[in-house]
Amino acid sequence: MSTATVESTLDEIERVLDDIRPAVRADGGDIQLVSFDPESGRVAVRLVGACYDCPMSTATLRAGIEQHLCHALPIVHSVEAVA
């Protein structure tokens, strides 16, 4: 995958995250895009604010963030939270 394609994919990931952020921010948290691995389709995000140590953060990650990203961008296969 070319550098331009990776950059375009990162922009698309940010666009999808922008759609999710209002709900996360309403609860006092936020999502930061850390990286995207085009070979594995893995997106790494950092949950910050109230989301950092929230007991529901795993549900938010899987049922919210991962589901939206994988649906909107077939190149994304998984989402992982990193510290």
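In the block above lies the structure referred to throughout.
Residues numbered from 1 in each chain as written. Predicted model: local features only at pLDDT ≥ 70, side-chain atom pairs only at ≥ 80, totals over all residues. Heavy atoms only, no water.

Asks: Whenever I open this one, the pattern of salt bridges confuses me. Can you help?
Replies: Pairing between side chains of opposite charge can happen when the charged atoms of each approach one another. Applying the stated criterion across every chain, the model contains seven salt bridges. Here arginine 42 and glutamate 80 are joined by a salt bridge, their closest N and O atoms 2.9 Å apart. Here the residue arginine 42 occupies a position in strand β2 (residues 42–49), and glutamate 80 occupies one in strand β3 (residues 78–81), the gap between them amounting to 38 residues. Overall, glutamate 80 belongs to the partly exposed group, its relative accessible area being 36%. Salt bridges sharing partners connect three or more residues here, namely Glu14, Asp18, Arg21, Arg25 and Asp30. (Salt bridge = Lys/Arg side-chain N within 4 Å of Asp/Glu carboxyl O. Helix = DSSP H or I, 4+ residues; strand = E, 2+ residues; numbered from the N terminus. Buried < 20%, exposed > 50% of the residue type's maximum accessible area, 1.4 Å probe, protein only.)

Asks: Help me understand the environment of aspartate 27, please; the structure alone is not making it clear to me.
Replies: Here aspartate 27 lies in the loop between α1 (3–26) and β1 (29–37). A relative accessible area of 62% means that aspartate 27 is categorised as exposed. Measuring from C-alpha to C-alpha, the distance between aspartate 27 and arginine 46 comes to 16 Å, with 19 residues separating the pair along the chain.

Asks: So what exactly am I meant to see when it comes to the state of the cysteines here?
Replies: Each disulfide consists of a covalent bond between the sulfur atoms of two cysteine residues. Under the definition given, this model contains zero disulfides. Left without a disulfide partner, cysteine 51 is nearest to the cysteine sulfur of cysteine 54, which lies 6.3 Å away. You can call cysteine 51 buried: its relative accessible area is 12%. (Disulfide = S-S within 2.5 Å.)

Asks: Looking at this structure, I do not really get the pairing of β3. What am I missing?
Replies: A regular strand places its side chains so that they alternate between the two faces of the sheet. By the bridge criterion, four bridges tie β2 to β3 in an arrangement that is parallel. Of the residues in β3, the one forming a bridge with alanine 44 is glutamate 80. Crossover handedness for the path β2 to helix α2 (residues 57–72) to β3: right-handed. (Pairing = 2+ DSSP bridges. Right-handed = clockwise from strand over helix to strand, strands pointing away.)

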